[in-house]
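For reference, the chains in residue letters:
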There are 2 protein chains.
Amino acid sequence: MSMKPSIPKGTRDYHPEIVLKRNYIIDIIRDVFTKYGYLEIQTPSFEKRETLSGKYGNEGDRLIFNILNSGEKVRKVDVSALDENKITKFINSISEKALRYDLTVPLARYVSQHQNEIKFPFKRFQIQNVWRADRPQKGRYQEFTQCDADVIGSDSTYLEFEMIQMYSNVFKNLGFEKVQIKVNHREILASICRKIELNDNFLDFVTILDKLDKIGSEKVINELKDKLGLKDKFIPLLNEIFKSNNSSQILSLINKEFIDNDNSKKAFNQLKTLFDLTSNNTIDISFDLTLARGLDYYTGVIYEVASLTNTEIGSIAGGGRYKNLTERFNANNLSGIGISFGLERIYHLMDDNNMFPEEIKSPNDILVINFGDEFIHDISFVVNQLRASRSVLIYPDFVKLSKQFTYADKNKFNYVLIYGKEEAEKNVIKIKNLKTGDENKHKLDDSIKNYKF
Amino acid sequence: MSMKPSIPKGTRDYHPEIVLKRNYIIDIIRDVFTKYGYLEIQTPSFEKRETLSGKYGNEGDRLIFNILNSGEKVRKVDVSALDENKITKFINSISEKALRYDLTVPLARYVSQHQNEIKFPFKRFQIQNVWRADRPQKGRYQEFTQCDADVIGSDSTYLEFEMIQMYSNVFKNLGFEKVQIKVNHREILASICRKIELNDNFLDFVTILDKLDKIGSEKVINELKDKLGLKDKFIPLLNEIFKSNNSSQILSLINKEFIDNDNSKKAFNQLKTLFDLTSNNTIDISFDLTLARGLDYYTGVIYEVASLTNTEIGSIAGGGRYKNLTERFNANNLSGIGISFGLERIYHLMDDNNMFPEEIKSPNDILVINFGDEFIHDISFVVNQLRASRSVLIYPDFVKLSKQFTYADKNKFNYVLIYGKEEAEKNVIKIKNLKTGDENKHKLDDSIKNYKF
């Protein structure tokens, strides 16, 4: 049997240069998480279906990849369920497990399951793949990597600041000159909503507000009037908010107009502290009322990070504070705060803007030309020493030199190391830089430290 | 809804100390692969079912995890197939994708699919999870990690040697004082089989031979007589093989008795070269005729690495040379050689024998006691400097000191950093070593380089 091989739609092979670049980003994120005292955990790729189902809404549930029960168990298929149009019941009859859809529900399950062993506050990070049965399209894949850090079991506002520090550290270490960290707070949105008497339509209100950047203040106000019945008397106040173009202006407006209960007061104080703490830093953080991501989930501060290099690509990191993480799993409910880095988008931004270091781009370093076993054998101590710090590939076959040099060239090696009959007679090794064409000679017994690369 | 959360049987949560230890091993393996010029690739977690099925035998096929088609596609279920007892046909009707079962078939698919872009010889490594629907039991999981390095498209015997160098390097770097690398060759087994006139029963012959360690030579010979009809005249020769207790003895016996065609001659020369090349090294390699792993797959040299620390745990690495890797996928057939490290077994061996470095065992390094925001703020420049090289967790809440010290204790932090009212007045920072109880004071503006840890 012969078949033309391919991979499922929505999946990717990561070729060597892609793996190197992805690992470069992941290592920097992991390093920052670690330096801030977060510990890495990993959870299984599949969870019980009962753990995942009902956690992501109807739309999310449909996008979960279910795993077919093995062996004879498939015989228990409930066909009548399908006839009755009960798809979930049908799936339940042949599937007990499903692939991880995100890292949040597994975290909630992990914390609930191991809560007696964990000493809270629990700072964990997790960098693993997730799977979603989204319709494959450009830039959207069915398998991708999430990078999350969370603190469970502390309400301290210090963590709101720490998250911003970590955003800043990660992007600085990745070489981003400028990223913008946008901050919002669910309680402030809620108090505005109350003030303009739309609090029965909170989610509709933020959905319309979210369009401000795209459609402008006038159209937003019209939509609020048409769809939610916004009263005319609130329009000047809304316009004042929309006009405020820096964070301190908005904050003082909030302080003046929207502090109507303990929650909004607390929210204001949190934001105040956050801006005070970051004021000394070079971090570009701004208050953005239109930021409304994940409001079904976040209950306090909300973050979003945008690249100023390429504004089209959307947010490259996000996060926020949430309550009730573990309520689905147990009574001892825990809340937390978390951030997430968008590996795929960061990768594409860095790749498009040529931001990866040179050595990451040339995975192939030194190629030893093969002049026969005896010559390879003679320089094996040199190769071993080089391998303490560099990557050395010995061309495995003693074939025509032209073929070996073509191989070096096609695979973009940085250097070739030449030791054949001629060199052996002179007791030297030649090292040729394939980028510059420069050639250096070294005594065979010269210390490797003196080799020029 | 409240439920007691748990994970599927056969899966594991990796807690922080486990992740650190696993990453420690993986980093060392990755480093050695890289230093020898292998490039890392990653393939999707799921492949098309047609890519995987039929590649692992009937038993293997049954252990593949199939993924249920999403959404409305499940309606295409072919129930009649089940009635006709055609389980594969039934599965085909509702599943197009399956989870990776090993890294070899994905490699074959990858090389076949991308053969026009790849410059051969292709040296690749891959460290990814695989999934098998094995019945869960102690030490056997449904999700585990494989670490494979392969060279595709070269027949050079130099690679047989390079693989042994890599085994040796990896285990040395992991801190194993002694591992035994066992080598065998399919062609030598085949020539023995021919010589004693059992060549119609090759696989049965090696299966019985494989029991030599367990049941002894007498019982092996009896079994060969009873089951395969071994003739008495060959018994002295077999006994001579079984008695040979060092590699050079066996090799000269092979040379004398079993070189009967070009293949066995080539095999002998390969082994000879291999033992010559390793003779200068401190590598413990031995020829082991009973080694018969993966003979359905390996066509040349076969490797197995055993730990001499714990012989019960079985092989901790393996590999061999194979032909016809890509024959299922295309006509342009490619052969290769590969090795694989058993991460799970290596982990357990190292853990049981306390072989992980001290810093790996204490993921929690420095805890900053929280005396209130103003104190944290005052020492933030110290914390930032420390974080250049160390992990520093600022206790997020300003709570009772006893609670914070209990946290430090329970989470096994190495150090606590103390800066409260008393210290602020004296302009000092206290650093307490929680393992020894030692306490050091430092001037707040002292360079971090002078801090004692």
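What you see is a predicted model; the values in this text were computed from it and never measured.

Cut-off values and rules
Residues numbered from 1 in each chain as written. Chains lettered and ligands numbered in written order. Predicted model: local features only at pLDDT ≥ 70, side-chain atom pairs only at ≥ 80, totals over all residues. Helix = DSSP H or I, 4+ residues; strand = E, 2+ residues; numbered from the N terminus. Rg over C-alpha atoms; globule rule 2.2 N^0.38 Å. Buried ≥ 20, exposed ≤ 12 C-beta atoms within 10 Å, placed from the backbone. Least-squares fit on C-alpha atoms with pLDDT ≥ 70 in both. Pairing = 2+ DSSP bridges. Contact = placed C-beta atoms within 7 Å. Axes fitted to C-alpha atoms, helices over the stretch in contact; angles between N-to-C directions. Left-handed = near helix turned anticlockwise from the far one by under 90°. Nonpolar A, V, L, I, M, F, W, Y, C, P; charged D, E, K, R; others polar. Domains from an automatic or database assignment. Core = buried A, V, L, I, M, F, W, Y, C linked by C-beta atoms within 7 Å. pLDDT = per-residue confidence, 0-100. Expected span 1.5 Å × (residues − 1).

*Asks:* Before we go on, may I ask you to explain the overall build of chain A in this structure?
*Replies:* Each helix and strand in chain A was counted, giving 20 helices and 16 strands. Computed over C-alpha atoms, the radius of gyration of chain A comes to 29 Å, more than 25% over the 22 Å expected from 2.2 N^0.38 for 453 residues, which places it beyond the range of a compact globule. Viewed in the frame of its principal axes, chain A has a C-alpha envelope of about 95 × 65 × 45 Å. Among the 453 residues that make up chain A, the fraction classed as buried is 40%.

*Asks:* Help me understand the relation of the copies chain B and chain A, please; the structure alone is not making it clear to me.
*Replies:* The two chain copies are connected by a rotation around an axis plus a translation along it. Mapping chain B onto chain A calls for a screw motion: a turn of 180 degrees about the axis and a shift of 0.0 Å along it, with 0.0 Å RMSD after fitting. In the structure described here, the two chain copies are related by an operation that fits a two-fold rotation axis. Ranked by how close their C-alpha atoms come to the rotation axis, the residues of chain B are headed by Ile67(B), at 2.2 Å.

*Asks:* Explanation requested: the pairing of strand S9 (residues 301–307) of chain A in the structure shown.
*Replies:* In regular strands, side chains alternate between the two faces of the sheet. Residues and elements named next belong to chain A. Buried residues dominate S9, accounting for 7 of its 7 residues. Covered by surrounding structure in S9 are Val 301, Tyr 303, Val 305 and Ser 307 together with Ile 302, Glu 304 and Ala 306, the residues of both alternating faces. Inspection of the sheet shows strand S7 (residues 179–185) paired to S9 by 7 bridges, in the antiparallel sense. Bridged to Lys 182 within S9 is Glu 304. Direction of pairing for S9 relative to strand S10 (residues 315–322): antiparallel, over a ladder of 5 bridges. The residue bridging Tyr 303 from the neighbouring strand is Gly 319, located in S10.

*Asks:* I keep staring at unusual backbone geometry and nothing clicks. Help me out?
*Replies:* Backbone phi values are negative for most residues with the exception of glycine, while trans is the configuration of most peptide bonds. Along the chain, Phe120(A) connects to Pro121(A) via a cis peptide bond; the corresponding omega equals 0 degrees. Position of Pro121(A) among the secondary structure elements: in the loop between helix H6 (104–113) and strand S5 (122–131). Despite not being glycine, Glu197(B) shows a phi value in the positive range, around 60 degrees. Relative to the elements of secondary structure, Glu197(B) occurs in the loop between helix H8 (186–195) and helix H9 (202–209). Residues other than glycine seldom take positive phi values, yet Asn427(B) does so here, at roughly 60 degrees. Here Asn427(B) is to be found in the loop between helix H19 (421–426) and strand S15 (428–433). The exposure class of Asn427(B) is partly exposed, given the 13 C-beta atoms found within 10 Å.

*Asks:* Mind showing me how you'd approach the environment of Arg30(B) here?
*Replies:* Within the secondary structure, Arg30(B) sits in helix H1 (residues 16–35). Put simply, Arg30(B) and Pro106(B) are 76 residues apart on the chain and 19 Å apart in space, counted from C-alpha to C-alpha.

*Asks:* So what exactly am I meant to see when it comes to the sheet that holds strand S9 (residues 301–307) of chain B here?
*Replies:* Across a sheet, strands are paired by hydrogen bonds formed along the backbone, either parallel or antiparallel in direction. Residues and elements named next belong to chain B. Strand order in the open sheet formed by 8 strands is S1-S5-S6-S11-S10-S9-S7-S8, and the pairing between neighbours is mixed. Of all strands in the sheet, those bounded by a partner on one side alone are strand S1 (39–40) and strand S8 (285–287). Packed on one face of the sheet, helix H13 (residues 262–279) meets strand S7 (179–185), S8 and S9 and runs near 160 degrees to S7.

*Asks:* What's the story with the pairing of S7(A) in this structure? I'm lost.
*Replies:* Residues and elements named next belong to chain A. For S7, the tally of buried residues reaches 6 of 7 residues, placing the bulk of the element in the interior. As paired strands, S7 and strand S8 (residues 285–287) are joined by 3 bridges and run parallel to one another. Across the sheet, Ile 181 pairs through a bridge with Ile 285, a residue of S8.

*Asks:* Whenever I open this one, the packing of helix H1 (residues 16–35) of chain A against helix H7 (residues 158–173) of chain A confuses me. Can you help?
*Replies:* Residues and elements named next belong to chain A. Packing of H1 against H7 brings their axes to within 9 Å, and their N-to-C directions diverge by 145 degrees. Handedness of the H1/H7 crossing: right-handed. Packed against H1, whose contacting residues are Ile 28, Ile 29 and Val 32, the element H7 presents Met 166, Asn 169, Val 170 and Asn 173 at the interface. For the contact of H1 with H7, a count of residues per class yields 5 nonpolar, 2 polar and no charged.

*Asks:* Would you explain the domain arrangement of chain A in this entry?
*Replies:* Interfaces are frequently sized by the accessible area removed from exposure as the parts join. Split by domain assignment, chain A resolves into domain 1 (16–42 + 102–352), domain 2 (46–99) and domain 3 (364–450). One C-alpha centre belongs to domain 2 of chain A, the other to domain 3 of chain A, and the line joining them spans 57 Å.

*Asks:* Help me out: how do you make sense of the nonpolar core in this one?
*Replies:* In globular proteins that are soluble, nonpolar side chains generally tend to be buried together. The biggest cluster of nonpolar side chains holds 229 residues, and the ones touching the most others in it are Tyr167(A) and Tyr167(B). In this view, Tyr167(B) contacts Ile181(B), Val305(B), Ala317(B) and Ile339(B); residues no more than four positions away in its chain are not counted.

*Asks:* Looking at this structure, how should I read the sheet that holds S7(A)?
*Replies:* Residues and elements named next belong to chain A. Spatially, 8 strands are ordered S1-S5-S6-S11-S10-S9-S7-S8 in an open sheet, and the strand pairing comes out mixed. Looking at strand neighbours, the two that pair on one side only are strand S1 (39–40) and S8, the edges of this open sheet. Along the sheet, helix H8 (residues 186–195) makes contact with S7 and S9, crossing S7 at roughly 55 degrees. Packing of helix H14 (residues 262–279) onto the sheet brings it into contact with S7, S8 and S9, and relative to S7 it is tilted by some 160 degrees.

*Asks:* I keep staring at the confidence of the model for chain A and nothing clicks. Help me out?
*Replies:* Fine structural detail should not be taken from predicted coordinates in areas where pLDDT scores are low. This prediction gives chain A a mean pLDDT of 92; 98% of its residues lie at or above 70. Confidence metrics for the complex model read pTM 0.95 and ipTM 0.94.

*Asks:* I keep staring at the environment of Thr282(A) and nothing clicks. Help me out?
*Replies:* Mapping Thr282(A) onto the fold places it in the loop between H14 and S8. Along the primary structure Thr282(A) and Phe65(A) are separated by 217 residues, whereas in three dimensions their C-alpha atoms are 43 Å apart.

*Asks:* I would appreciate a short explanation of H1(A) in the present structure.
*Replies:* Since the α-helix turns once every 3.6 residues, residues separated by three or four places project in the same direction. Residue and element names in this part refer to chain A. End to end, H1 covers 28 Å across 20 residues, agreeing with the expected 28 Å (1.5 Å per residue, within 8%). Inspection of H1 places Val 19, Lys 21, Ile 25, Ile 29, Val 32, Phe 33 and Lys 35 among the buried residues, and these make up the whole buried set. Phi for Gly 37, located one or two positions after H1, is positive at around 85 degrees.

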